[in-house]
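Inside the fold
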Amino acid sequence: MKKFFLLILCLAFWGGCSTDNSIPKSQHPSVEEISQLKTKVEPFFKPMQIQPYDWLATFPENGQTYEEYINSSPTLPTPQRNTIYIQPIGEFSETQKKVLQLTADYMKAFYNLPVRMIQIKPLSEVPREFQRKNPQDKQIQIKTAYFLDKLLPKLLPDDAAAFICFTNYDLYPDESMNFVFGQATLQERVGAWSLWRFGNPDKDQKEYKLFLERTLKVAMHETGHMFTMHHCTKYECLMSGVNHLGELSRRPVDVCPECMAKIAWGMKYQPTERYRNLSNFWQKEGFEHLSKEFSEKEKAVSK
Ligand SMILES: [Zn+2]
Ligand SMILES: [Zn+2]
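Below is a summary of the structure that appears in this document. (Residues numbered from 1 in each chain as written. Chains lettered and ligands numbered in written order. Predicted model: local features only at pLDDT ≥ 70, side-chain atom pairs only at ≥ 80, totals over all residues.)

**With respect to the sheet that holds strand β4 (residues 140-143)**
- Read from one edge to the other, the open sheet built from three strands follows the order β3-β4-β6, with strand pairing classed as mixed. Two strands in the sheet have a free side with no partner beyond their single neighbour: β3 (131-133) and β6 (170-172). Mean inter-strand twist for the sheet, computed between neighbouring axes without regard to direction, equals 40 degrees.
- As defined by bridge partners, β3 adjoins β4 across three bridges and the pair is classed as antiparallel. (Pairing = 2+ DSSP bridges. Helix = DSSP H or I, 4+ residues; strand = E, 2+ residues; numbered from the N terminus. Axes fitted to C-alpha atoms, helices over the stretch in contact; angles between N-to-C directions.)

Encoded structure:
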């Protein structure tokens, strides 16, 4: 009997540790409180400006407001499914492994969920129907359906709020497109993205920083899709669709006020706490301007 009691205590303690940056329930912001906070961070974002060859010039979309998101019954974490898993598949350099670890750290600060990195798996033989040579550069590419429909559903942990696969192989979604940076499902909790097009992080410090920013942007973007966040069209936002590397570079490393509100509501995450955690991340990594920007956002929503 005593043994049983001790076990219960351990589980409760462990559960508390695994969500150490979550907010006590009494402090969860209400739908209305979040709505009011949106306007306070508007000055930090630019309205969407569509340039030739951008995503919206190619695929016109309507976007999704905070209110539409709430009414869409999005796929969100539950007490049983509250961990984000990252599964690297392929071969990675030491620097790339470091960036993957930082991606897990940023994701925790971004979405307020525990993030677990799974051991790297080699890529086993990909069936012929899921690979091709890119028509332009003749490099081997893997069809995203191989990861999303075949591989990841078999590996999906029971307690996964989202299951994300990183690979070093270039990806394509179907014959109509040249490539994709990543792709995720809106309901099935799985997503895959590639480091292939993000540059060489071992070249120099400038390339390393670019590689890190690109990886974080695409990782947070695809994870947003897994929580049923649609593409953003109102602002230049991390959740806006991206068609090429130049467009990815223009995007901020954060979501706009509308999408911030979705995260605050869906993840029960106080915006002040979120901005503080993100500011601390960038401070630690030596990106002073980004740390300052998040710190200013924290001040703006605290007023
Ligand atoms: Zn997208
Ligand atoms: Zn947005």
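**Some points on the packing of helix α10 (residues 271-284) against helix α11 (residues 288-302)**
- Remark: α10 packs on α11, axes separated minimally by 8 Å, with the N-to-C direction vectors making an angle of 165 degrees. Considering the angle they form, α10 stands roughly antiparallel to α11. For the pair α10 and α11, the crossing hand works out as left-handed. On α11, the residues touching P271, T272, Y275, R276, L278, S279, W282 and Q283 of α10 are L290, S291, F294, S295, K297, E298, V301 and S302. (Parallel < 35°, antiparallel > 145°, perpendicular 65-115°, else oblique. Left-handed = near helix turned anticlockwise from the far one by under 90°. Contact = placed C-beta atoms within 7 Å.)

**Overview of the pairing of strand β8 (residues 190-194)**
- For β8, the tally of buried residues reaches five of five residues, placing the bulk of the element in the interior.
- As paired strands, strand β5 (residues 160-167) and β8 are joined by five bridges and run parallel to one another. Across the sheet, the residue bridging to T167 is S194, located in β8.
- In this sheet, β8 lies alongside strand β7 (residues 182-184) in antiparallel orientation, the contact comprising three bridges. Within β8, the residue paired with G182 across the bridge is W193.
- Where β7 folds back onto β8 in an antiparallel hairpin, the turn is made up of five residues, including R189, whose phi is positive at roughly 70 degrees. (Buried ≥ 20, exposed ≤ 12 C-beta atoms within 10 Å, placed from the backbone.)

**Structural notes on the environment of P77**
- Structurally, P77 is set in the loop between α4 (66-71) and β1 (83-89).
- Along the backbone, P77 and T58 are 19 residues apart, and their C-alpha atoms lie at a distance of 32 Å.
- Other than its neighbours up to four places away in sequence, P77 contacts N82, L113 and A161.

**Observations concerning the environment of E273**
- Note on placement: E273 falls in helix α10.
- Classification of E273 as partly exposed rests on a count of 19 C-beta atoms within 10 Å.
- Taking the C-alpha atoms as reference points, E273 and K292, separated by 19 residues in sequence, lie 15 Å from one another.

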